[in-house]
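Chain residues, written in single-letter form:
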Amino acid sequence: MIGPQQLNELGKKLILRKLDYVLDVLCPTDLMLSISAEFTKLANQVVEKCNKKGTSVYKWTMVFADRPASLSHVPLVKDSKGNDGYGSLGVWKRIGRGDEKFLFHCPTSLGQDEQGIQWAIDSAINIGAHGIFLDRIRFPSPANGLEFLGACACPLCREGYKNSANKDWVDLSLLLINCAKLGSDGVAVYMEQAKPMLAFRSHAIESLVANYAHAAHENRLRVGLDLFAPSIAFLVGQDYHILSKYADFIKPMLYCKTYAPAGLPLEIGLFAKGLEQAGVEKRMVYSFVSEFFSIETNILDDIMEKKGIPSSFARREIQKCMQEIDRDMQAMPYVYAGIELVNHPSYETIIDDATRDSYLESLINYDIAVCWNILYVPERHIEAISARWKHVNG
């Protein structure tokens, strides 16, 4: 990821030197490049360096949130009370403070998103990229506040659901709160009553991903997808089975230590916090959340105490990913295990050597995607991944 912050902190020369180091040590197959539009010359240099090493570059593309300013005029998603922005129940305390605002646009209002698709294709071709990497292909997560786990509740989406399911719109946030009051028994109730609405939301995500993918493939560009870990993906409208048929590769975000959006401990922790703030008794919250995400209560304790989740949890999630993708396809998408190895100044994420080694041991049978910004990954982690690859592959 290269933006004004990185250029100010590191400078162009150091950014390119870090890239050269990564290309020499890791020899990566693919590199996902997020770079501000005003830095096209630098983007061309990155792609040129990658081409010389045989590394394919995918232009990072934001779809439902954090779009370029020229594409951000579309209305935002609404909660059940017609509010947009962020909620109050369990909302991440740092939401909206950085460059990434996590303000999601209404899928019905986006429609076919011809402008967004054309921008994505043109920006990839202009820098000589080999594909596009689709991010923010989802609805708001618990980080936005519990109220937005049922978005979008605008009149257009309510009407779309009525026409699609022949049912009245369901307030998924309220349903979650009511079901959580039943403890673990409430999970089955929620999944049954929410099923049509969850399917409607997944279809909304699929529809736009399909449009982007078809346009990319028509232009001989490949497609990568950035997805939440399977255990929480359905909450934000991501269905691995139906999305996998549009991808050349998938990168599930198996972030077990990250207290930032998409990080498993942050999202699960805020989910629990939001339910408690909504008036659900703590013991029932624990019972419901443990069953909902299939985790032990002691792990939930660690999450709430900001100790993260054991790195071995990533193996469970990557296995679920492999089970859920569409295995009837002629060419299944490649799957990278996305793990956060950053020491990032803007987030409470510092990965030590023991955590890194635990990750690499747990994911020994899978190729790693080094996340989320290679510019902030310590060289010792890069070297450890390289040594692991040489050991596994001889």
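As a starting point, this report considers the structure included with it. (Residues numbered from 1 in each chain as written. Predicted model: local features only at pLDDT ≥ 70, side-chain atom pairs only at ≥ 80, totals over all residues. Heavy atoms only, no water.)

1. Notes on the overall build of the chain
Turning to step 1, where the next piece is worked out: Within the chain, the regular secondary structure consists of 16 helices and 10 strands.
Turning to step 2, where the next piece is worked out: What you see for the chain is a C-alpha radius of gyration of 20 Å, in line with the 21 Å of a compact globule of 394 residues.
Turning to step 3, where the next piece is worked out: With the principal axes as the frame, the chain shows a C-alpha extent of 55 × 45 × 45 Å.
Turning to step 4, where the next piece is worked out: Among the 394 residues that make up the chain, the fraction classed as buried is 56%.
Turning to step 5, where the next piece is worked out: As presented, the chain carries roughly 16800 Å² of accessible surface, and 49% of it is formed by carbon and sulfur atoms.
Turning to step 6, where the next piece is worked out: A gap of 4 Å separates the mean positions of the 42 positive and 47 negative side-chain charges of the chain. (Helix = DSSP H or I, 4+ residues; strand = E, 2+ residues; numbered from the N terminus. Rg over C-alpha atoms; globule rule 2.2 N^0.38 Å. Buried < 20%, exposed > 50% of the residue type's maximum accessible area, 1.4 Å probe, protein only. Areas by Shrake-Rupley, 256 points an atom, 1.4 Å probe, with all protein chains shown as cover. Lys, Arg positive; Asp, Glu negative; His and termini not counted. Charge placed at Lys NZ, Arg CZ, Asp CG, Glu CD.)

2. Describing the state of the cysteines
Turning to step 1, where the next piece is worked out: A complete count under the given rule lists zero disulfides for this structure.
Turning to step 2, where the next piece is worked out: Free cysteine: Cys154, not disulfide-bonded; nearest cysteine sulfur from Cys152 at 3.6 Å.
Turning to step 3, where the next piece is worked out: Judged by relative accessible area, Cys154 falls into the buried class, the value being 9%.
Turning to step 4, where the next piece is worked out: With no disulfide of its own, Cys256 lies 12 Å from the sulfur of Cys371, the closest cysteine sulfur.
Turning to step 5, where the next piece is worked out: Owing to a relative accessible area of 0%, Cys256 belongs among the buried residues under this scheme. (Disulfide = S-S within 2.5 Å.)

3. Focus: the packing of helix α2 (residues 12-26) against helix α3 (residues 40-53)
Turning to step 1, where the next piece is worked out: Where α2 meets α3, the closest approach of the two axes is 11 Å, and the angle between their N-to-C directions is 20°. Overall, the two elements α2 and α3 adopt an arrangement that is roughly parallel. Seen along the crossing, α2 lies across α3 with a hand that is right-handed. Between α2 and α3, the contacting residues are Lys12, Leu16, Leu19, Asp20, Leu23 and Asp24 on the first element and Leu42, Gln45, Val46, Lys49, Cys50 and Lys53 on the second.
Turning to step 2, where the next piece is worked out: Of the residues belonging to the contact of α2 with α3, the class tally is six nonpolar, one polar and five charged. (Axes fitted to C-alpha atoms, helices over the stretch in contact; angles between N-to-C directions. Parallel < 35°, antiparallel > 145°, perpendicular 65-115°, else oblique. Left-handed = near helix turned anticlockwise from the far one by under 90°. Contact = heavy atoms within 4.5 Å. Nonpolar A, V, L, I, M, F, W, Y, C, P; charged D, E, K, R; others polar.)

4. Structural notes on the packing of aromatic side chains
Turning to step 1, where the next piece is worked out: Taken as a whole, this structure holds 14 aromatic pairs when the rule is applied.
Turning to step 2, where the next piece is worked out: Judged by centre distance (5.3 Å) and plane angle (70°), the ring pair of Tyr161 and Phe200 falls under edge-to-face. Highlighted residues: Tyr161 in helix α6 (residues 155-165) and Phe200 in helix α8 (residues 185-218), separated in sequence by 39 residues.
Turning to step 3, where the next piece is worked out: Judged by centre distance (5.2 Å) and plane angle (65°), the rings of Tyr334 and Tyr336 are edge-to-face.
Turning to step 4, where the next piece is worked out: Overall, Tyr334 belongs to the partly exposed group, its relative accessible area being 41%.
Turning to step 5, where the next piece is worked out: With a relative accessible area of 10%, Tyr336 lands in the buried category.
Turning to step 6, where the next piece is worked out: An aromatic cluster of three or more residues is present, and its members are Tyr58, Trp60, Phe133, Phe249, Tyr334 and Tyr336.
Turning to step 7, where the next piece is worked out: Over the face of the ring belonging to Trp169 we find Arg158, whose NZ or CZ atom lies 4.2 Å from the ring centre.
Turning to step 8, where the next piece is worked out: Stacked on the ring of Phe139, the Lys or Arg Arg201 has its end atom at 4.3 Å from the ring centre. (Phe/Tyr/Trp six-rings, centres within 6.5 Å; stacked < 30°, edge-to-face > 60°. Lys NZ or Arg CZ within 6 Å of the ring centre and 35° of its normal.)

5. Overview of the pairing of strand β2 (residues 56-62)
Turning to step 1, where the next piece is worked out: With seven of seven residues buried, β2 lies mostly within the body of the structure.
Turning to step 2, where the next piece is worked out: Taking every second residue as pointing to the same face, both faces of β2 are buried, with Ser56, Tyr58, Trp60 and Met62 on one and Val57, Lys59 and Thr61 on the other.
Turning to step 3, where the next piece is worked out: Across five bridges, the pairing between β2 and strand β3 (residues 131-135) is parallel. Across the sheet, residue Tyr58 finds its bridge partner in β3, namely Gly131. (Pairing = 2+ DSSP bridges.)

6. Let's talk about the nonpolar core
Turning to step 1, where the next piece is worked out: Grouped together as the largest cluster of nonpolar side chains are 147 residues, with contacts concentrated most on Ile268, Phe271, Leu275, Phe288, Val289 and Leu363.
Turning to step 2, where the next piece is worked out: By residue number, the principal contributor to this core is α8, which donates 15 residues.
Turning to step 3, where the next piece is worked out: Residue contacts for Phe288: discarding those within four places in its chain leaves Leu176, Cys179, Ala180, Gly183, Ser184, Gly186, Val187, Phe271 and Leu275. (Core = buried A, V, L, I, M, F, W, Y, C linked by side-chain atoms within 4.5 Å.)

7. Topic: helix α14 (residues 313-324)
Turning to step 1, where the next piece is worked out: When the terminal C-alpha atoms of α14 are compared, their 17 Å separation across 12 residues agrees well with the 16 Å that a helix rising 1.5 Å per residue should span.
Turning to step 2, where the next piece is worked out: Buried residues of α14: Phe313, Ala314, Glu317, Ile318 and Cys321, and no others. The buried residues of α14 occupy one face: seen down the axis, they fall within an arc of 135°. (Expected span 1.5 Å × (residues − 1). Arc of directions from axis to C-beta.)

8. Quick word on unusual backbone geometry
Turning to step 1, where the next piece is worked out: At the junction of Ala151 and Cys152, the peptide bond is cis and its omega measures out at 10° in the coordinates.
Turning to step 2, where the next piece is worked out: The topology assignment puts Cys152 in the loop between β3 and α6.
Turning to step 3, where the next piece is worked out: Look at Phe102: it is not a glycine, yet its phi comes out positive at around 55°.
Turning to step 4, where the next piece is worked out: Along the chain, Phe102 falls in the loop between β2 and α4 (107-110).

9. With respect to the environment of Phe228
Turning to step 1, where the next piece is worked out: Structurally, Phe228 can be placed in strand β4 (residues 222-228).
Turning to step 2, where the next piece is worked out: Ignoring any residue separated from it by four or fewer positions in sequence, one finds Phe228 in contact with Arg138, Ser141, Ala233, Val236, Gln238, Tyr240, Met253, Ala262 and Glu267.

10. Examining the pattern of salt bridges
Turning to step 1, where the next piece is worked out: The tally for this structure, following the rule as stated, stands at 17 salt bridges.
Turning to step 2, where the next piece is worked out: Among the ionic pairs, Asp113 bridges to Arg67, the shortest N-O distance being 2.9 Å. Of this pair, Asp113 sits in the loop between α4 and α5 (114-126) while Arg67 sits in the loop between β2 and α4, placing them 46 residues apart in sequence. Judged on exposure class, the residue Asp113 and its partner Arg67 are both buried.
Turning to step 3, where the next piece is worked out: Put simply, Arg136 and Asp135 hold a salt bridge, and the shortest N to O gap is 3.3 Å.
Turning to step 4, where the next piece is worked out: According to the relative accessible area criterion, Arg136 is buried, its value standing at 5%. (Salt bridge = Lys/Arg side-chain N within 4 Å of Asp/Glu carboxyl O.)

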